[in-house]
Amino acid sequence: MADDSIRLRPLAEDDWDAVVALEERAYAASGLSEGREVLRSRGSVSPSTCFVLEHEGEFGGYLLALPYPRGECPELTLTEASRFESENLHAHDFVITEELRARGLSPHFVRQIEQEARSQGFDRISMVAVQRSHVLWRRLGFDTHAEVTLPESYGTDAVYMSKAL
Ligand SMILES: CC(C)(COP(=O)(O)OP(=O)(O)OC[C@H]1O[C@@H](n2cnc3c(N)ncnc32)[C@H](O)[C@@H]1OP(=O)(O)O)[C@@H](O)C(=O)NCCC(=O)NCCS
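Residues numbered from 1 in each chain as written. Predicted model: local features only at pLDDT ≥ 70, side-chain atom pairs only at ≥ 80, totals over all residues. Heavy atoms only, no water.

As recorded in an unreviewed UniProt entry, the protein chain goes by N-acetyltransferase and comes from Kitasatospora indigofera.

A.B. asks: Mind showing me how you'd approach the site of the ligand here?
C.D. replies: Taken together, 21 residues form the shell around the ligand, and within it Ile96, Gly104, Ser106, Gln131 and Arg132 come nearest. Between the ligand and the protein, one listed contact pairs a nitrogen atom with a side-chain N or O atom of tyrosine 27 at 3.3 Å. Glutamine 131 places a main-chain nitrogen or oxygen 2.9 Å from a nitrogen atom of the ligand. Calculation on the ligand without its partners gives an accessible area of 880 Å², and the protein chains cover 72% of this total. Assessed atom by atom at 2 Å from the grid points, the ligand resides in the largest pocket. When residues of the shell around the ligand are traced back to their parent elements, those giving at least two are strand S4 (88–96), helix H3 (106–119), strand S5 (124–129) and helix H4 (134–139). (Near = heavy atom within 4 Å. Polar contact = N/O pair within 3.5 Å; in protein donor to acceptor, adjacent residues only side chain to side chain. Areas by Shrake-Rupley, 256 points an atom, 1.4 Å probe, with all protein chains shown as cover. 1 Å grid on protein atoms, 1.4 Å probe; cavity = no way out; pocket = protein on both sides within 12 Å on 5 of 7 lines; lining within 4 Å. Sits in = over half its atoms within 2 Å of the grid points. Helix = DSSP H or I, 4+ residues; strand = E, 2+ residues; numbered from the N terminus.)

A.B. asks: Got a minute to help me understand the side chain of threonine 49 in this structure?
C.D. replies: Within the secondary structure layout, threonine 49 lies in the loop between helix H2 (36–45) and strand S2 (50–55). When sequence neighbours within four positions are dropped, the list of residues in contact with threonine 49 reads Leu63, Leu64, Ala65, Leu66, Pro67, Leu89, Gln120 and Phe122. (Contact = heavy atoms within 4.5 Å.)

A.B. asks: Just checking my understanding: could you explain the pairing of strand S7 (residues 159–164) for this structure?
C.D. replies: Along any regular strand the residues' side chains alternate between the sheet's two faces. Along S7, five of the six residues are buried, which leaves the element largely enclosed by surrounding structure. Relative to S7, S5 is paired through six bridges, and the arrangement is antiparallel. Looking at the pairing, valine 128 lines up with tyrosine 160 of S7. Across two bridges, the pairing between strand S6 (residues 143–144) and S7 is antiparallel. In the strand pairing of S7, aspartate 143 is matched with serine 162. (Buried < 20%, exposed > 50% of the residue type's maximum accessible area, 1.4 Å probe, protein only. Pairing = 2+ DSSP bridges.)

Shown next as structure tokens:
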């Protein structure tokens with residue numbers, strides 16, 4: 001698999017229906033789905049860091065990321081009120097479509113996300129690993145920060161992780 005079959009493009013107004021539907025399929029069963037209004041609020045505070053993941057020209061998933069102070073993360077049930085100034089980019093929500101999962105694409109998308117973050121001046125990426133995905137993130141170079149206390153809305157097996165760029 002070559003990196004050139006995948007790319008990031010800015011999230012557009014027309015993409016929100018696909019993003020909201022994919023998010024619900026990915027998280028409703030585990031009680032982590034945020035819903036349209038909250039998702040859109042994440043995008044509206046930082047449109048330059050929200051992307052559609054394209055695979056061979058088709059919608060292949062999305063990333064909603066926003067500058068956030070290190071060691072903090074959005075409360076899942078609350079809309080985002082304003083943009084933080086931070087050199088840490090919080091990759092709040094990263095979802096690949098069902099048909100593209102388990103094909104080893106995530107390292108390629110993550111590499112492009114890291115390049116984009118660096119080019120926008122961020123020096124670190126953080127995230128909250130949910131649904132046992134910390135195994136994958138650790139393999140991609142993210143460190144676990146067990147000392148960070150997360151909002152209850154993330155459930156009991158979520159863990160804060162970050163990686164210097
Ligand atoms: C998490 C996600 C983005 C990973 O994408 P993917 O395309 O499946 O990842 P890859 O194919 O590159 O898988 C890489 C490895 O990570 C493992 N992995 C992926 N997701 C995992 C998970 N949730 N739990 C445990 N392991 C996982 C895979 O087993 C695979 O390991 P292997 O190569 O040894 O078999 C994708 O599964 C997804 O969109 N899930 C729903 C949303 C979600 O949970 N997002 C994570 C939020 S932090």
